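# Structural description and commentary
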Amino acid sequence: ETHRTLALIVLAIAIAAAINTHYYGFLILVPVAAAELIRVWKSHKLDIPLLLSLAAGAAGILFVLPFLKGAAAFRSHYQAVGVPYQVLTQTYNYILLGQGTFNTNVNHLLDVGLLLLIVLVLWSCIRQMRSKTIDLPLAEFVFLLTLAAQPLIGFFMARLATHAMEPRYVLGSAIGIAALLAIALTPLLRNSGTARVMLLLLFCVFIAKGFAGIRTE
């Protein structure tokens, strides 16, 4: 019980710190709240200490409010005009590939590739959960899914409220994306030969990306 109390205190502090670091930090509440809703739905029990922890963390927004009026003065200097839907795909490109925009033809191919990747990852994860080949509770899957979907949630937040979005605002989604990719690839990684080949390819990609980054400096 002592360990859980400490964990809940740390959670509240982390949420408050995220919100006070950047207002898009508020998005971290979405996966946590979504996972808790699923857990409540499955167990029919409210976790009052957790809800209090989330509320305490969300209350951190009170420290931001006094600065919002002053920060609004900088909005007119923001370089982007509007939030087109391309921002969403550019954000995922930036997280997955390290670069948001390419030429028009490559951008179209990447849009199609991103859609296929999402479908395949979700299909593999759901298939493994149904067949019980992995022990992943539904609440945890929803947490990872909504965490990976933060660029989408941030996009709607930008369209409806903030009118500004950059890939760095939702970089936390990389954790959810990486976890879902790892789960989706689990059937392949069970074969040691395939796992070695994939690790080698990953190493080559890191090396190539590193050299490309050095050349552009």
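Residues numbered from 1 in each chain as written. Predicted model: local features only at pLDDT ≥ 70, side-chain atom pairs only at ≥ 80, totals over all residues. Heavy atoms only, no water.

### Brief notes about the side chain of T89
What counts here: Counting from the N terminus, the helices are the DSSP runs of H or I reaching at least four residues and the strands are the DSSP runs of E reaching at least two. A 1.4 Å probe rolled over the protein chains alone gives each residue an accessible area, and that area as a share of the maximum for its type sets the label: buried under 20%, exposed over 50%, partly exposed in between. Residue contacts follow a heavy-atom distance rule, with two residues in contact if any of their heavy atoms lie within 4.5 Å.
Topologically, T89 is positioned in helix α5 (residues 86-97). Under the relative-accessibility criterion, T89 is labelled buried at 16%. The contacts of T89, once residues within four sequence positions are left out, are D111 and L114.

### Some remarks on unusual backbone geometry
Positive phi values are uncommon outside glycine, yet H44 reaches one of about 60 degrees. By the secondary structure assignment, H44 is in the loop between α2 (29-43) and α3 (48-58). On the basis of relative accessibility, which here comes to 68%, the residue H44 falls in the exposed class. The phi dihedral of K132 falls on the positive side, at around 65 degrees, and the residue is not glycine.

### Structural notes on the nonpolar core
General note: in soluble globular proteins, nonpolar side chains tend to be found buried as a group. To be explicit about the condition: Here the nonpolar core consists of buried residues drawn from Ala, Val, Leu, Ile, Met, Phe, Trp, Tyr and Cys, with membership extended through side-chain atoms lying within 4.5 Å.
Counting residues in hydrophobic clusters, the biggest one holds 25 residues, and the most contacted among them are Y24, C125, L136, F141, M165, L180 and I183. Taken together, the elements giving at least two residues each to this core come down to α5, α6 (104-131), α7 (138-148), α8 (150-162) and α9 (173-184). If sequence neighbours within four positions are ignored, I183 has contacts with C125, Q128, I134, L136 and L144. In terms of nonpolar packing, the next biggest core, distinct from the first, is built from nine residues, L29, V32, L50 and V64 among them.

### Describing helix α1 (residues 2-21)
Rules: Take the residue count of a helix, subtract one, and multiply by 1.5 Å to get its expected span. The arc in question is the one traced by the directions running from the helix axis out to the C-beta atoms.
Over its 20 residues, α1 extends 28 Å from the first C-alpha to the last, a length consistent with the 28 Å expected when each residue adds 1.5 Å. For α1, every residue scored as buried is listed here: L8, A12, I15, A16 and I19. Along the axis of α1, the buried positions cluster into a sector of 95 degrees, meaning they face one direction only. Turned more than 90 degrees away from the buried face of α1 sit T2, H3, L6, I13 and T21, all of them exposed.

### Some details on the packing of aromatic side chains
What counts, and what does not: Working definition: rings of Phe, Tyr and Trp (its six-membered ring) pair if their centres are within 6.5 Å, and the pair is stacked with planes under 30 degrees apart, edge-to-face with planes over 60 apart, and tilted otherwise.
Tallying each qualifying case throughout the model produces one aromatic pair. Ring geometry for F155 against F156: centres 5.6 Å apart, planes inclined by 65 degrees, an arrangement best described as edge-to-face. F155 sits in the buried class, given a relative accessible area of 8%.

### Section: the packing of α2 against α7
Using the following cut-off: Working convention: axes come from line fits to C-alpha atoms, limited for helices to the stretch in contact. Angles between N-to-C directions cover 0 to 180 degrees. Roughly parallel covers angles under 35 degrees, roughly antiparallel covers those over 145, roughly perpendicular covers 65 to 115, and oblique covers all other angles. By the definition used in this description, the sense in which the near helix is turned from the far one sets the handedness, with an anticlockwise turn below a right angle giving left-handed and a clockwise turn giving right-handed. Under the scheme applied, nonpolar residues are Ala, Val, Leu, Ile, Met, Phe, Trp, Tyr, Cys and Pro; charged residues are Asp, Glu, Lys and Arg; polar residues are all the others, including Gly.
At a closest axis distance of 8 Å, the pairing of α2 and α7 adopts a crossing angle of 155 degrees. Classed by the angle they form, the pair α2 and α7 counts as roughly antiparallel. Crossing handedness for the pair α2 and α7: right-handed. Facing P31, V32, A34, A35, I38, R39, W41 and K42 of α2, the residues of α7 in contact are L138, A139, V142, F143, T146 and L147. Grouping the amino acids of the contact of α2 with α7 by side-chain chemistry returns eleven nonpolar, one polar and two charged.

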